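# Chain and residue survey
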Amino acid sequence: MDAAQAVNVAVTATPVGRSLVEKLSRNWAVLLGGGVLFLLAMLSLAAPWLGTIDPTLLDPINRDRLPGASGEVFSLTGEALQHTFWMGTDSYGRDIYSRVLYGGRVSLVVGIAVALLSLGFGLTIGLVAGYIRALDGVIMRVMDGFMAIPGILLAIALVSLWRASLATVILAITIPEIPRVVRLVRSLVLSIREEPYVEAAVSVGTPTAALLVRHILPNTMAPLIVQATYVFAFAILVESILSFLGVGLPTDLPTWGNIMAEGRLQFTQYPHNVFFPGVFLSLTVLAVNMLGDGLRDTLDPKFNQRGDRPA
Amino acid sequence: MTESQSVLRIQGLSIALPASGDRRYAVENVSFEVASGEVVCLLGESGSGKSIIAQSVMGLLPDNIRPLSGQVLLDGENLLEADAARLRALRGARMSMIFQEPMTALNPVMTCGAQVDELLRQHTRMTTVERRAHVLQMFERARLPDPARIYAAYPHQLSGGQRQRIMIAIALILKPRLLIADEPTTALDVTTQAEILRLVTELTRENSTAVLFITHDFGVVAEIADRVAVLRLGELVEDGPAQTMLSSPRHEYTRMLLAAVPTLKPRKEPVGSNHGVQLRASGLSKTFDTGGWFVRKGTVRAVERVEFELRRGETLGIVGESGSGKSTIARILGRLIEPSAGEVELDGESITRLAGERARQLRRRIQFVFQDPYRSLNPRRTVGAAIVEGPMNFGVSRSEAWQRAHDLMQLVRLSPRMLDRYPHEFSGGQRQRICIARALAMQPEILIADEAVSALDVSVQAQILELFDDIQRRLHLTLVFITHDLRVAAQICNRIVVMQQGRVVEQGPVTEVFEHPRHAYTRSLLDAAPGRGFAFGAASQ
């Protein structure tokens, strides 16, 4: 090959893959799920400026008001305010609309924290189990043991063991989630470690720690992000279930589960107590799952990258 | 040729690619025909659109690819206008296909006999007993040993060659007018390939079946083709009788392809005795344990008592078929796996017992280029990061490592500007150049190339072989070239080691082994090389 051909070779490298952002923005499930989730997050973050009142304010005058009713409420400083109860009030006269918006904060915090924590622990344990053969058996049998305990039961046990607080609830939901993430990461590592590029990295003398971080970890990320969204949705549900069962967060902290648990007693007369937090909960879980499905379609090499290799 | 004779006739066929494709048409305005009893080879490199043509005949095109214009006529009937039911009736009975990978084309949970039987049940009115007799007879004709046993066997219990025979039996049992073979021998060893090619020709001649044989291999063309159609990027560049095409190609592209096919004539003499022994393998064995907790344990002897020497500056070829243990040898030499027994000495010092830091230092001296250029680069790291990783692992400064990567890109004839690109932006040949640069960045003394050119198109393969030659001259490297392809070995090696089932059966200077093979296995390998009677590269030089 002469110089002219060399230049020719140099310029014919053509990009085959589209950029990730472009791929994501073409997926309607990502757009819709992400959009709804973003909207819900914004609503709960901006709750103080969205015409809410103190969500824990007890107001005997305005008990069991129907959605859309309006009345006078007194703030802590004693001022009288005209307020419309868009979603009605509960049997203590607390404004459901305010409680639902503020409750969203707890749900989202629990969801994000559980997703991040279980991913962090699961990733570390899974990488070790998948790459270091000697530890694989031991770690995985311990994880099998964890998986044999019903997740919600374990959470209930942990919450009753410690004092119920946000941190306890998050930890209680995280622990049963870790083995699932570990299993996923381990199976990914087992297949990635056999890839020729890992062997190539070994052959240029890459130390094991660097090998894990540089070559194996980045290639596990796509399926993990997808898994994280499912953990996220599941954590929000479990938190609501724990609150609903009365073993979750203290009742003075509004969460969707708490609101529904308290509304349950009067469900036949005042269904709005359960209906509105229920709608928000379902919407959030639906949005997160949709986002997860969309991410899977765009990130998972099995659904994608078909055109990556010439036939 | 008159119209009545031609079984398959493709006229002005154009097929569009989806908008995201790298070109507008998969194939554009392609016309050719296949007559009864004739073997037409559709020849082209990867991406030339040859498989798309086969799929359009069988009605198996993916949903997002559709024919724009033209006709595909099977005995005068336009298949592009046929509906799904009609195509189903035609497939198997009037036209059939065999594929590259027989394992994936067969259903793993059905016995081989049942899979052939299913076809007869759908297309004929034979009774169960008649069908079984017919299938057994067909297995007999496909030269399958012990047809009754094969009838009851599952695909995974058979060898690759036997599976391909089953596929051929399925394809031909209904005596179709047309057989399409899509690279049916590419995944097979050379001796098996020769048998399968013979079988296809024999069985189709008996029934005057028209054969459209898709291949990228000129050896196969020389072996079986009556006529050849050459495709380049979806365009038919040349079409004519095989003999004329191979001896006096008209189109420049065909001439280039022919020139790129390596000849079986060895080019190099062994290096002189002034080159000292650099590496010596003695009594190397490797056994793998199979089975586990619930499965009976067994051992596989991958390599048994292998001995050879490697002289400084030479190219040693290790040739053999799949399962011969050649890649295991490569991995032992590069210390990617430990031998079960035996010794490897590098400059007189044993390297098999080294541990820790001294074992790591050894990595600088022996480097690898792997077979699959698509999988040997981490898809999530730029090629620059891949090249500088090795030197930086051994304490070379960042700026110096990048300077080295810059220089190496030029050495492997790629633009240094491409260092910050990702592997998917490169073609197979370019990726293999990057892999070579990555190995050279370690400034090794010995470079082991494990089937480094077998995944590449023939024209690209020629360029990479030339690059290896050039690099060896410039950097005074010792090369170990592992290949199943005798043509490649003939071009690049000074000496070769022939392996069969984990043992070395013959070794010596390449000229001697090729011209006067002593061992029966070496002779059978050389005899099986497709198109051996044809001096490819020489014809056009």
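Quick notes on the rules
Residues numbered from 1 in each chain as written. Chains lettered and ligands numbered in written order. Predicted model: local features only at pLDDT ≥ 70, side-chain atom pairs only at ≥ 80, totals over all residues. Helix = DSSP H or I, 4+ residues; strand = E, 2+ residues; numbered from the N terminus. Buried ≥ 20, exposed ≤ 12 C-beta atoms within 10 Å, placed from the backbone. Contact = placed C-beta atoms within 7 Å. Rg over C-alpha atoms; globule rule 2.2 N^0.38 Å. Pairing = 2+ DSSP bridges. Axes fitted to C-alpha atoms, helices over the stretch in contact; angles between N-to-C directions. Parallel < 35°, antiparallel > 145°, perpendicular 65-115°, else oblique. Left-handed = near helix turned anticlockwise from the far one by under 90°. Nonpolar A, V, L, I, M, F, W, Y, C, P; charged D, E, K, R; others polar. Core = buried A, V, L, I, M, F, W, Y, C linked by C-beta atoms within 7 Å. pLDDT = per-residue confidence, 0-100.

### A few points about the overall build of chain A
Looking only at helices and strands, one finds 11 helices and two strands in chain A. From first element to last, N terminus to C terminus, chain A shows the α and β order α-α-α-β-β-α-α-α-α-α-α-α-α. Within the span of chain A, comprising 311 residues, buried residues form 39% of the whole. Partitioning the contacts of chain A with sequence separation of at least 6, the portion at a separation of at least 24 is 69%.

### Focus: the overall build of chain B
When helices and strands are counted, chain B shows 21 helices and 20 strands. In terms of overall dimensions, chain B is globule-like: its C-alpha atoms have a radius of gyration of 25 Å, near the 24 Å expected for 541 residues. With the C-alpha coordinates aligned to their principal axes, the bounding extent of chain B is approximately 70 × 55 × 45 Å. Looking at chain B as a whole, 46% of its 541 residues are labelled buried. For chain B, the proportion of contacts with a sequence separation of at least 24, taken over those separated by at least 6, is 71%.

### Side note on the environment of G151 of chain A
Mapped onto the secondary structure, G151 of chain A falls in helix α6 (residues 151–161). Distance from G151 of chain A to V238 of chain A, taken between C-alpha atoms, is 9.2 Å for residues 87 residues apart in sequence.

### Side note on the sheet that holds strand β17 (residues 446–450) of chain B
Residues and elements named next belong to chain B. Spatial ordering of the open sheet is given by β16-β17-β18-β13-β19-β20, a layout of six strands whose pairing is mixed. The open sheet is flanked by β16 (366–369) and β20 (503–509), the only strands paired with a single partner. Within the sheet, the average angular offset between the axes of one strand and its neighbour, ignoring direction, is 20 degrees. Strand direction decides the pairing type here: β16 and β17, joined by four bridges, are parallel.

### Considerations on the packing of helix α8 (residues 196–203) of chain A against helix α9 (residues 208–245) of chain A
Residue and element names in this part refer to chain A. Look at α8 against α9: their axes get within 10 Å of each other, and the N-to-C directions meet at 150 degrees. The pairing of α8 with α9 is recorded here as roughly antiparallel in orientation. The handedness of the crossing between α8 and α9 is right-handed. Contacts between α8 and α9 involve Y197, V198, A201 and V202 from the former and L211, H215 and I216 from the latter. Partitioned by chemical class, the residues of the contact of α8 with α9 number six nonpolar, one polar and no charged.

### A word on the sheet that holds strand β2 (residues 25–35) of chain B
All names here are of chain B. Spatial strand order, β2-β1-β4-β5: four strands in an open sheet with antiparallel pairing. Pairing within the sheet leaves two strands with one partner each, and these edge strands are β2 and β5 (77–78). Bridge count for strand β1 (residues 6–16) against strand β4 (residues 66–74) is seven bridges, and the pairing is antiparallel. Its bridge partner lying in β4, R9 is registered against L73.

### Quick look at the nonpolar core
L212, F213 and V480 of chain B are the most contacted members of the largest nonpolar core, which has 220 residues in total. Among the elements that make up this core, the one with the highest residue count is helix α4 (residues 96–131) of chain A (15 residues). Apart from residues no more than four positions distant in its own chain, F213 of chain B is found in contact with V39, V40, C41, L42, A181, I224 and A225 of chain B.

### Focus on the confidence of the model for chain B
Here chain B averages 86 in pLDDT, and 96% of its residues register 70 or above. Among the scores for the predicted complex, ipTM is 0.75 and pTM is 0.78.

### Some details on the environment of F99 of chain B
Residue position: F99 of chain B is located in the loop between β6 (95–98) and α3 (102–105). With sequence-adjacent residues up to four places away left out, F99 of chain B is seen in contact with A105, M167, D182 and P184 of chain B.

### Observations regarding unusual backbone geometry
Residues and elements named next belong to chain B. Even without a glycine there, the phi angle at S208 is positive, about 50 degrees. For S208, the position within the fold is in the loop between α8 (190–206) and β8 (210–215). Judged by the 14 C-beta atoms lying within 10 Å of it, S208 falls in the partly exposed class. Here H476, not a glycine, exhibits a phi torsion of approximately 50 degrees, which is positive. Tracing the backbone shows H476 in the loop between α17 (458–475) and β18 (478–483). In this structure H476 comes out as exposed when scored by C-beta crowding, with 10 C-beta atoms within 10 Å.

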